[in-house]
Structure formats: C-alpha cells, structure tokens
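A closer look at the structure
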Amino acid sequence: MDQKRRPESHKMPDAGEERDAFVRLDPSGPQIRHPPPPHELDAFITPDAKLFQTIHMGAAVVDETRYKLVIDGLVQRAISVTLDELRQLPQTTITAFHECYGSPLKPPIEACWRIGNVRWTGVRLSHLLRMAGLGESTQANFVWSEGLDRGTFAGIEADRYQKDMPLTKALQPEVLVAYKINDEPLSKERGGPVRLVVPGYFGTNSTKWLCRLSVQAERAPGPYTTTLYNEQDPHDPLGMRMRPVWNVEVNSIITTPKPGDVSRSQYITVQGWAWSDDGVGEVEVSIDNGQVWVAASVADRHEYSWQRFEVNLKAAPIGQCRILARATARSGAQQPLAGRRNHVHHVDVEVSDGS
Ligand SMILES: Nc1nc2c(c(=O)[nH]1)N[C@H]1C(S)=C(S)[C@@H](COP(=O)(O)O)O[C@H]1N2
Ligand SMILES: [Mo]
C-alpha cells in the first residue's frame, strides 16, 4: 500500500524508530522516593507529592515532538501513534491502588508499604491493540511493554526496560496507556509523557516512558522479566516453582491512630486501607496484639481502589497496646502475621487516664 496515503497512525513503523525520542537519563541510576509513613496516607486519593517513586536505571528525558508509541508483533498491521493522536483517542479514567513489590534483590519477607491510590487517565490498551488488528493469531499469549530508559541496575545491563503480561490481562478494560495522574500530566519521574498502568498488578509491570507494545507468543526475554521480578511461588509445597511478580497480594495499612498516640479513652477508633488484586472481603482488627480479633466495616471497592476499613474497639483500661489489622481477599487469601512481604502492619499506642 502507498504509505503516503495512509493516516499517520497507520504508517508501518520502522524497526526501533520509537527509541529516537529518548534524549538522556536525568538523573541516571536507581532512585526511590519513599512514601510517607502510613498515618500520612489517610486521603482516599494520594496526591502525587505523597506517592512513592521507583526508578531502576534513571529517569528518561523524552523528546515529545519525536514521541511515537509503536504497537507491533502478532497483529495484522504494526502501527505507531503520536502524542497528539493518543490524546484524541477515547479517554478513560480509572481509580486504582498502586503498589511497589519492593526490592527485587532481597527476599520478599519484609513489608515496605510503598502504596498509594490514584486516578489514571489515558487510552485502554485493548483499544490500541484492536487498532493494530488483533484476533487472528492463536499464538498471541503475551503483551510486552518497553520503556525508553536503558542502563544498569545492580550490575545488570539492559538496553530497555521490558515487561510482559498475559494477553488476557492486557485486554481487560482497566489496563491503560496513561498520560495523566490525578488529572495532571505525568511528570518525568512519573514516567511521562506516556506510561502503562496495569491495575491489580504490582507497580513493576506499569512501564514508564512507554514506547512499544508488542504482541508475542512467549514471555519477554529481558532482565526485568527473567532475572528480576520472579519469585518462589508461595503455594508450591516444594518451594521450587517460580512465578512472575504480577498479581498484587492482599495487604493493608493502619492510618489511624498513629504510632505513639496517647488515648484518654479506652475506646479507640481504628481506620486504614486494605487492597488486593481481587478485592478485599474482610478486615479484622486486634487491639491486644492478636489475642482477640474483631471484624471491621469495609467499604466497597470503587474500580481498582483501595478500601476503607473502620472499627471502634475497647482497649484495656490503662497501658500500652498493640493494634494489628489483617485483611482477607475475596479469594480467601489472608495476610500473614509475619514472614512475607504483605505481613500485617502494627501500631503501638497508649491508653492513659491522664494522671
Ligand atoms: N521504564 C520503567 N518503568 C518502570 C520502572 C522503571 O524503572 N523503568 N519501575 C517500575 C516499578 S518497580 C514500579 S513500583 C513503578 C513505580 O511507578 P511510580 O514511580 O510512578 O510510583 O514503575 C515501574 N515502571
Ligand atoms: Mo517496584
């Protein structure tokens, strides 16, 4: 076909042309912006300024005038989409929790509560895949995503950040190619101008500085899907089977009271957030370090949001007490007390009669 007569978005992309929009890393090297302590995450929507950031190789500076998102692989026609074209496609907004798995270099046994809940706006990934013509290949099993960042992380060299997800997940309506967070454009550190957002999956799958989506038969071969972000499947009794870091496990934080609070009353209101890929069905709270558990009220989930829990409990008349919250997913999976990255959060407070 005469390429000049095809609309821009239907022009067959040249191999690798999407990478021309990369300018440099600034700054280069790994960066983590830690979240505030859980008691400062009390709002339903986490402002960008309070949302953690995780960057492995450096933040990519992107030339927006040269920006192209390529969609290729096992599709009927590879396409590329400019920033303006992307902004003109049907727009979707979704509220979703956003959680980092934690360091891929350490065993997943300690909680780090890199968590928030935000509104993402962009175009459904399924819409872009359909624009490229999906549905013919029976070999299509995964969608690979690639970021413009490149470099070294923990001594591992990568020419691109590359992730994958099952095609069945990629076609779900919650998965977005996003250009806004909380109604504002994405900053450079947030992955702007365009990033992937995979609600229900760990943050590592939400590729920032997104430049390519590719439908493929096999899992992606890059270090971020092979060496890094694979873990021992906790359901395998032999502890041999590995699984990709995809679905978020049930987890929760206590936002009220805060550590060290002194209560003049024996009655203490406990509030917090709970989340899981499949939604949270129940949260139990203990005010005596796990001897007695009481069911909290749990708000419904809005799209992929975290869920509020609240309960009023009677503590011992005086002295220190340890509050624990333990969420159960709809699947029945429950937060462990210790030993796994989603273990329960605790808050120590004091009940005082004021004397
Ligand atoms: N291209 C690219 N995408 C990336 C990363 C990265 O280093 N490079 N880090 C991932 C990880 S581990 C997480 S938790 C999320 C963090 O997104 P945020 O920094 O916007 O919170 O981005 C993911 N996407
Ligand atoms: Mo992460």
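Conventions adopted
- Residues numbered from 1 in each chain as written.
- Chains lettered and ligands numbered in written order.
- Predicted model: local features only at pLDDT ≥ 70, side-chain atom pairs only at ≥ 80, totals over all residues.
- Heavy atoms only, no water.
- Near = heavy atom within 4 Å.
- Polar contact = N/O pair within 3.5 Å; in protein donor to acceptor, adjacent residues only side chain to side chain.
- Areas by Shrake-Rupley, 256 points an atom, 1.4 Å probe, with all protein chains shown as cover.
- 1 Å grid on protein atoms, 1.4 Å probe; cavity = no way out; pocket = protein on both sides within 12 Å on 5 of 7 lines; lining within 4 Å.
- Sits in = over half its atoms within 2 Å of the grid points.
- Nonpolar A, V, L, I, M, F, W, Y, C, P; charged D, E, K, R; others polar.
- Pairing = 2+ DSSP bridges.
- Helix = DSSP H or I, 4+ residues; strand = E, 2+ residues; numbered from the N terminus.
- Buried < 20%, exposed > 50% of the residue type's maximum accessible area, 1.4 Å probe, protein only.

Contacts to ligand 1 come from 18 residues, most closely from His56, His98, Asp149, Arg195 and Lys208. Within the side chain of His98, one N or O atom sits 2.8 Å away from an oxygen atom of ligand 1. One nitrogen or oxygen atom from the side chain of Asp149 is found 2.7 Å from a nitrogen atom belonging to ligand 1. Out of a free accessible area of 540 Å², ligand 1 has 100% covered by protein chains. Structurally, ligand 1 is housed in the largest cavity. Each residue belonging to the shell around ligand 1 can be placed in one class, and the counts come to six nonpolar, eight polar and four charged.

To summarise the sheet geometry, strands pair through backbone hydrogen bonds and adopt either a parallel or an antiparallel arrangement. The strand order S19-S21-S25-S24 describes an open sheet built from four strands, whose pairing is antiparallel. This sheet does not close on itself; its edge strands, each paired only once, are strand S19 (251–256) and strand S24 (297–298). Pairing analysis gives eight bridges linking strand S21 (residues 267–275) to strand S25 (residues 307–314), with the strands arranged antiparallel. Paired with Ile268 across the strands is Leu313, a residue of S25.

The next thing to look at is the pairing of strand S7 (residues 92–99). Of all eight residues that make up S7, seven are buried, and the element is covered over most of its length. By the bridge criterion, eight bridges tie S7 to strand S8 (residues 115–124) in an arrangement that is antiparallel. Following the sheet pairing, Phe97 is matched in S8 by Asn117.

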